[in-house]
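Summary of the model geometry
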Amino acid sequence: MTSNIAPEADWDLAPNVLEGARELRLSPEQCDLDYWIANVAQGTLKGLVNGHHPDAPTPEYMLKPGPLRDALLFEFSFRSIAEDKAARAITSLVANAPDVKSMEFYATQLLDEARHAQAFRAHMTEVGVPQAELDDVIEQYAGEHQRGVLDPLEAFGLDVMNGPHPYVSGVAVLTILVEGVLAPTGELSEHKWKIVDPAAASVERGAGIDEIRHLTVGSEIVRRSLEQDPGIKEHLVDVVRRGNELWGTLPVFAVLQRREELFQAGIEQIADVIGDHEIWPGRRLLDSTPEERITTALEWAGATQTARLAYMGMGE
């Protein structure tokens, strides 16, 4: 990409989610509508086809029925629903934003989330799902988990945004309890699909670049809000506490377990393709286990949440 693209929006230079969560500092004033047009629309997204680079292929084996294709459809069905729900929830943040720059930022995030959902769906068609059957396939693979995991999270978020301090409370829920959990799992997906389905990994990379921006700007908004009105801290801490308690009651592990078991069965069938490819430094993908990948994703999510809470001023 050209050098006038902001590094955090450059496909080749942007940090991963964990690095961005720890180190990057962005504000709504920096990431306004002009920023999005110049750096995202004309930078991150330039040349993409169905949310991924055109030179990122979909291997022929991904078109064939089996556990690997099932793992992809399972994961991308769930992700498409999650991104769709995020886009709809963000309409409240756009409506309640206290200033123009914050409104512009959340208008761009709304578009980002809708685009992510579109990219996940588009790749499902690339592996052979007919467009006319897409909704039915998404329901088949992820409907149960939408109702078990995503619907309760959505209800919690909407309840928070209808309560006290709706704007900053909604930002906290989205930043800490939704993207702060889902973005690190998306990063793990990028690593695991990189050699198995490069197009899927490329979709995840594009989404991850956006999520870094969403996490850092949302954290800045909460931090400023607490500095301006320390009296809301108790309320926000309670929101985060109740949200984490809700996560603990949801069958998240079952969702991840089913996904990773399918993926495991699939990669064992293409071991010759994967070879010594590492899912993270020092660990071969073929040697990793479903439980290990799940534990790592949850550890990354915990580290991201800890870093963001500390920056916001809620580290304790």
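Now for a quick tour of the structure. (Residues numbered from 1 in each chain as written. Predicted model: local features only at pLDDT ≥ 70, side-chain atom pairs only at ≥ 80, totals over all residues. Heavy atoms only, no water.)

To continue, consider empty space enclosed by the protein. Overall, the coordinates contain 5 cavities of 30 Å³ or more when judged by the stated rule. Approximately 240 Å³ is the volume found for the largest cavity. For the largest cavity, the lining is made up of 17 residues, of which A86, A89, L153, E154 and V178 are closest to its centre. Looking at the lining of the largest cavity, the elements with two or more residues in it are α3 (67-96), α5 (134-161) and α6 (166-193). Broken down by class, the residue content of the lining of the largest cavity amounts to 13 nonpolar, 2 polar and 2 charged. In this structure, the second largest cavity spans a volume of roughly 100 Å³. Along its surface, the second largest cavity is lined by R79, A82, E83, A86, E113, L174, V178, E179, L182, A183 and E211. Listed by contribution, the elements that provide at least two residues to the lining of the second largest cavity are α3 and α6. Here the lining of the second largest cavity gets 5 residues from one element, more than from any other, and that element is α6. In the lining of the second largest cavity, the residues fall into 6 nonpolar, no polar and 5 charged. (1 Å grid on protein atoms, 1.4 Å probe; cavity = no way out; pocket = protein on both sides within 12 Å on 5 of 7 lines; lining within 4 Å. Points joined across faces, edges and corners; volume = space filled by probe spheres on them. Helix = DSSP H or I, 4+ residues; strand = E, 2+ residues; numbered from the N terminus. Nonpolar A, V, L, I, M, F, W, Y, C, P; charged D, E, K, R; others polar.)

One pass over the full model with this rule turns up 26 salt bridges. In this structure, the salt-bridge partner of D112 is R213, at a minimum N-O distance of 2.8 Å. You can see D112 sitting in helix α4 (residues 100-126) and its partner R213 sitting in helix α7 (residues 198-228), a full 101 residues away along the chain. The same class applies to D112 and to R213, which are both buried. With a closest N to O distance of 2.9 Å, R213 and D210 form a salt bridge. One end of the pair is R213 and the other is D210, both in helix α7 and 3 residues apart, which spans about a single turn. No difference in accessibility class separates R213 from D210, as the two residues are buried. Among the ionic contacts, a cluster of salt bridges with common partners joins E29, E220, R223, R224 and E227. (Salt bridge = Lys/Arg side-chain N within 4 Å of Asp/Glu carboxyl O. Buried < 20%, exposed > 50% of the residue type's maximum accessible area, 1.4 Å probe, protein only.)

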